[in-house]
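What follows is each chain in one-letter form.
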Amino acid sequence: MLEALSYTIDRIACELAYKALGGTDAHQTTVAICNMVSHYGWDAKLVLALAAFGLNYGEFWLLAQIYSTNQLAKAMAILKQVPGIIEHAVPLKPRFDALNDLIRTILEVTWCVIEFKDLPSIYITTDVPALASAMIHIPTAVYWTIRSIVACASQISSFTNMGYEFALSTSEAWELSTLTHKVKTILEHLKKKMEECVRYIEERRDVESYQMLVELFKMIHIDNMRVLKALICPRDDELALVDGTTKKRVNLDVLRRKNVLLLISSLDITQDELSVLEQSYNESRLHEMRLQSPYEIVWIPIVDQLTDVKQRHFEVLQTPMTWYSVYHPSIISKASIKFIREEWHFRNKPILVVLNHQGRVVSPNAIHMMWIWGSHAFPFTTLREEALWREEAWRLELLVDGIDATILNWIKEGKYIFLYGGDDMEWIRKFTKEAKAVAAATRIPLEMVYVGKATKREQVKRVIANIVQEKLSTCWQDSATIWFFWTRLESMLFSKIQLGKDEEHDLVMQQIKRVLSFDREGSWAVLSRGSSVLVNEHGHILWPALFEYEQWKEKVALQGFDIAFQNYVAALRGNSHPCSRFEFSNYAGKIPENMKCPECHHYMEKYTTFLCCHDEGIVSKLTCTSH
């Protein structure tokens, strides 16, 4: 083969040199060369012609470099008039620049044609429009590239045979520039088609990788390595993770046969969220069960387009993390991102997918367990989530556990406690005034705590300032505490939905839905006596019930405050039919297909709403409303 190729290359080189000396028409020379390589593929035709030109071009520059130090080279250089050309390099510079520019373009076209030849046929065939179009244009590209090679050879020949005076006097530089422009136009078209082909191949590969991931997570494995490598980093030699303790890069093998919690988030994950996760992580790692069931957290950031700003933000988030994280967002493939979005319903809110030591998903999202029960939810499986809910009841501790120790002390003392929220300052003034008056009249020990709203953080801050200034009640002044209260409450609803609980027969779910709905509609309050929740009601019912104390105070002596107040609130509620309303962000993950109203138990209607909440940065939400 080498001998055959050498012979062909030598024939083409001789053709180039002879025709250049004889001044034969460039088209005829090009056709003659094409005939010599007619039985080769288009890529090989170009490579052979380029190799032949390389003999002439290389000889010229080799002599130019060594003729001053090598006697034989000096003699040959004189024959080819190289010294004169080198001495007049400055006036000849535009000619050399035009020549080099064309040669670079020839090389690029050759590489591009070779790349088309090397495209994997398993992913792309000639019936794909982009490749079909390229294959039509490649013969033209080859012709003009070989013709450009002929022109370059002619230029070198004019240097070595006619002398620099002739080279300066001819118009061949104009021809080179014209050919460069034409071949560059052809090259740009081929590059565009190559980009389309590469995109097509990547899409096919992504689909294949995605299907592989789907099948992998259906299979039973000996350990978790196969699924983790496919999901995080398919390349075996890659140190894909950063150890949060040592800050050194490590291999995925550190996770072998461990339970792995995949913390999946965008770069919008907040410091509040990270702080709660870190607290739960540190506590649960001290849990006695960890010795029997070791686990690790791995942060997987989902970034669609990584800019310099996002890169710096990623590093700021990654640096303080004590758990593992991928060393760079770019190693998470498009197929993995698609799998995470479609199979695990990731949108923008953080999720915590739990894999056991065999790589099987044992919780599609344990983030809700983290918010609700913290480290007590270890080992964060769906079975553990169901067990924890079986232990829970509709009581005040469920709402405030771990948030406010003072409230827990009031519960132990058996006090009456009003938790209330909203941003209507007038209602708050009237409500707290009437609540204190009724407590004084009935001689019950009452405490009140303002817990803000799930949104409108800046308005809540102003409300808190007024409550403190006017000494209306106790309130949570730390915005992180208010955020955590509402996040836990929303997590309770999402946890119930994720477990597929029966809404009508689940008291806890009904009451959680009422609080969240009331918060969206305005003001609300929950009244408890110790742990026992007596009333969970909308503000426009509670305030009248307190204000109209004179109408039911006689019942207090007969029935006691608890029953008398509950009955009167129930009577007021029976006369009104408040709307229930829930809003699920499009970025919140899996949204329920339907939901029943906590008041009438009918299925709610679904609407699409666009909200702009500047405090929270929420752009669009999906709203469910029932009348």
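Up top you'll find the structure we're talking about.
Residues numbered from 1 in each chain as written. Predicted model: local features only at pLDDT ≥ 70, side-chain atom pairs only at ≥ 80, totals over all residues. Heavy atoms only, no water.

## As for the overall build of the protein chain
Of the regular secondary structure elements, the protein chain holds 24 helices and 15 strands. The contacts in the protein chain between residues at least 6 apart in sequence include a share of 70% that link residues at least 24 apart. Working note: accessible area of the protein chain is about 30600 Å², and carbon and sulfur atoms make up 54% of it. (Helix = DSSP H or I, 4+ residues; strand = E, 2+ residues; numbered from the N terminus. Contact = heavy atoms within 4.5 Å. Areas by Shrake-Rupley, 256 points an atom, 1.4 Å probe, with all protein chains shown as cover.)

## A closer look at the packing of aromatic side chains
Using the criterion set out here, one finds 29 aromatic pairs in the structure. Among the aromatic residues, those joined into a ring-pair cluster are Tyr416, Tyr549, Trp552, Phe561, Phe565 and Tyr568. The ring of tryptophan 42 carries the charged tip of lysine 45 above its face, separated from the ring centre by 5.1 Å. Between lysine 338 and the ring centre of tyrosine 210, over which it is positioned, the NZ or CZ distance is 4.6 Å. (Phe/Tyr/Trp six-rings, centres within 6.5 Å; stacked < 30°, edge-to-face > 60°. Lys NZ or Arg CZ within 6 Å of the ring centre and 35° of its normal.)

## As for the nonpolar core
Core analysis: the biggest nonpolar cluster contains 100 residues, and Phe380, Ile407, Phe485 and Phe565 have the highest contact counts within it. Top element by residues in this core is helix 20 (residues 479-499). It accounts for 9 residues. Formed by 52 residues, the second largest nonpolar core is a distinct cluster that contains Ala13, Ala130, Ile146 and Cys152. (Core = buried A, V, L, I, M, F, W, Y, C linked by side-chain atoms within 4.5 Å. Buried < 20%, exposed > 50% of the residue type's maximum accessible area, 1.4 Å probe, protein only.)

## A word on the packing of helix 18 (residues 425-442) against helix 22 (residues 539-547)
The interhelical angle for the contact between helix 18 and helix 22, taken along N-to-C directions, is 40°, at an axis separation of 9 Å. In terms of orientation, helix 18 lies oblique with respect to helix 22. Of the two elements, helix 18 crosses helix 22, and the hand of that crossing is left-handed. Touching Trp427, Lys430, Phe431, Glu434, Ala435 and Val438 of helix 18 are Gly539, His540, Trp543, Leu546 and Phe547, all from helix 22. Counted by class, the contact of helix 18 with helix 22 contains 7 nonpolar, 2 polar and 2 charged residues. (Axes fitted to C-alpha atoms, helices over the stretch in contact; angles between N-to-C directions. Parallel < 35°, antiparallel > 145°, perpendicular 65-115°, else oblique. Left-handed = near helix turned anticlockwise from the far one by under 90°. Nonpolar A, V, L, I, M, F, W, Y, C, P; charged D, E, K, R; others polar.)

## Observations concerning the sheet that holds strand 12 (residues 532-538)
One open sheet holds the 5 strands; their spatial order is 10-9-8-11-12, and the pairing between them is mixed. Edge positions in the sheet fall to strand 10 (474-475) and strand 12, since each of these pairs with one other strand and no more. Relative to strand 11 (residues 524-529), strand 8 (residues 416-421) runs antiparallel, the two sharing 6 bridges. Along strand 11, the bridge assignment pairs tyrosine 416 with arginine 529. In this fold helix 24 (residues 561-574) packs onto strand 8, strand 11 and strand 12, with an angle of close to 25° to the strand it touches most, strand 12. (Pairing = 2+ DSSP bridges.)

## Considerations on the side chain of threonine 481
By the secondary structure assignment, threonine 481 is in helix 20. Aside from chain neighbours lying at most four places away, what touches threonine 481 is Ile403 and Trp476.

## Remarks on the pattern of salt bridges
Summed over the entire model, instances satisfying the criterion amount to 22 salt bridges. Where aspartate 101 meets lysine 184, a salt bridge forms, and the shortest distance between an N and an O atom there is 3.4 Å. Placement of the pair is aspartate 101 in helix 6 (residues 89-118) and lysine 184 in helix 9 (residues 172-216), with a sequence separation of 83 residues. For aspartate 101, a relative accessible area of 26% translates into the label partly exposed. The partly exposed category is assigned to lysine 184, whose relative accessible area is 35%. (Salt bridge = Lys/Arg side-chain N within 4 Å of Asp/Glu carboxyl O.)

## As for the sheet that holds strand 1 (residues 241-242)
Overall, mixed pairing links the 7 strands, which are arranged 2-1-5-4-3-6-7 in an open sheet. The strands lining the two open edges of the sheet, one partner per strand, are strand 2 (249-250) and strand 7 (361-363). The pairing of strand 1 with strand 2 spans 2 bridges and is antiparallel. The residue of strand 2 that forms the bridge with valine 242 is arginine 249. Sheet strands in contact with helix 12 (residues 308-318) are strand 1, strand 4 (295-301) and strand 5 (324-326), and its direction is about 165° off that of strand 4.

## Brief notes about the pairing of strand 6 (residues 351-355)
Where burial is concerned, most of strand 6 is hidden: 5 out of the 5 residues are buried. The alternating pattern of strand 6 places Ile351, Val353 and Leu355 and Leu352 and Val354 on opposite faces, both of which are buried. Pairing geometry for strand 3 (residues 259-265) and strand 6, over 5 bridges, is antiparallel. Bridge pairing in strand 6 links isoleucine 264 to isoleucine 351. Relative to strand 7, strand 6 is paired through 2 bridges, and the arrangement is antiparallel. Residue pairing for strand 7: valine 354 is matched across the bridge by serine 363. What sits between strand 6 and strand 7 in their antiparallel hairpin is a turn of 5 residues, with glycine 359 showing a positive phi close to 85°.

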